[in-house]
Amino acid sequence: MHALLFLVSALSASVWAAPTFPNLSPDASIPDNIRTLSEYFNLLASKVQDSRLLAVPPVCDLSRMSLPAGASDLPAPSPGLTLKHIAIGRGTQNYTCDPATPGEAPKAVGALATLFNASCVVATSPELASTLGRAALHFPVAQSEPSQRLAPSNLGVSGVHYFRDATTAFFNLDVAPAWQIGEIPCAKNASTPAPADAPRGLQREAAVAWLKLNARPGATGGLQEVYRVETVGGSPPATCAGMKDSFEVQYATQ
Ligand SMILES: *[C@@H]1O[C@H](CO)[C@@H](O)[C@H](O)[C@H]1NC(C)=O
Ligand SMILES: *[C@@H]1O[C@H](CO)[C@@H](O)[C@H](O)[C@H]1NC(C)=O
Ligand SMILES: *[C@@H]1O[C@H](CO)[C@@H](O)[C@H](O)[C@H]1NC(C)=O
């Protein structure tokens, strides 16, 4: 997710969830560095929570955030928009292959991802965004499980992402009672390859492209533009040789 940056014309009030330790899948292999990361993210979340009690300026200030350097070839946000939300997306990129033509490249047929509210953690510590996506790739997500947390962090679900049809990427950010952010059907506006050093996926595959998406009619909550940046893995193999008719590749993004 990577991050998805949702830009709208107004800011909403902050709502906080108490930090809790995630339920880690006992089946997942948990390298020591991921355990350390988990502790770190929880510490960070507690600090952000604590700082609410201090008489200091807002801690989750998204107004000073900018896109990562790798997004410089994408069009800038349209004038007048304000950053509304940052989510880590974790799910699959879906592809199909025609067995009759194994030499052809797989065809992208959409994606399915759960979105986790990373507004505060990324605003507090932007350099953590890509680390968080990279770590999250090693943990499974249960689709349609609104109470889950993004392992190895404690981020809560803020939305779901899927395709409504071949060209309409849809983001429902109304799934969490605490964060009614809106819904946005969108179409791709621009694409740029992920940076050469972007983290590879579980099969060592390259990171999917970074994108700018613009709203199609029907968006709510003032949502207008979405960026997919800080991608981790998700690309298909170069050809369909040896692949099934339809397959998924795990990915993460901001
Ligand atoms: C969740 O998202 C909303 C909207 O971006 C934001 O105001 C809030 O601070 C976020 N909470 C966390 C814990 O990131
Ligand atoms: C993509 O794959 C997921 C499983 O990860 C599946 O539930 C979903 O329906 C698929 N979507 C498309 C458009 O193929
Ligand atoms: C991208 O969006 C800008 C406005 O935001 C528009 O002028 C341009 O035509 C769009 N390009 C494509 C390829 O959709």
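For the structure, check the block above.
Cut-offs applied
Residues numbered from 1 in each chain as written. Chains lettered and ligands numbered in written order. Predicted model: local features only at pLDDT ≥ 70, side-chain atom pairs only at ≥ 80, totals over all residues. Heavy atoms only, no water. Buried < 20%, exposed > 50% of the residue type's maximum accessible area, 1.4 Å probe, protein only. Helix = DSSP H or I, 4+ residues; strand = E, 2+ residues; numbered from the N terminus. Disulfide = S-S within 2.5 Å.

*Asks:* Tell me about helix 3 (residues 128-136), and name the residues and values.
*Replies:* Summarising burial for helix 3: eight of the nine residues are buried, a large majority. Among the residues making up helix 3, those that are buried are Leu-128, Ala-129, Ser-130, Thr-131, Leu-132, Gly-133, Ala-135 and Ala-136.

*Asks:* Break down the state of the cysteines for me, with residues and values.
*Replies:* Scanning the model with the defined rule gives two disulfides in all. The side chain of Cys-60 participates in a disulfide bridge whose partner is Cys-120; the two sulfur atoms lie 2.0 Å from each other. In this structure the cystine formed by Cys-60 and Cys-120 twists about its S-S bond by roughly 105 degrees; its chirality is therefore right-handed. Remark: Cys-120 occurs in helix 2 (residues 119-124) and Cys-60 occurs in the loop between helix 1 (32-51) and strand 2 (82-96); sequence separation between them is 60 residues. Cys-60 sits in the buried class, given a relative accessible area of 15%. One disulfide in the model links Cys-97 with Cys-240; its S-S distance is 2.1 Å. Negative torsions about the S-S bond denote left-handed disulfides, and the value of about -85 degrees found for Cys-97 with Cys-240 makes this one left-handed. Pair noted here: Cys-97 is in the loop between strand 2 and strand 3 (107-117) and Cys-240 is in the loop between strand 10 (232-233) and strand 11 (246-253), with a separation of 143 residues, a long-range link. Of the two residues, Cys-97 and Cys-240, neither departs from the other in class, the shared state being buried. Here the disulfide map of the protein reads 1-3, 2-4, the bonded cysteines being numbered as they appear in the sequence.

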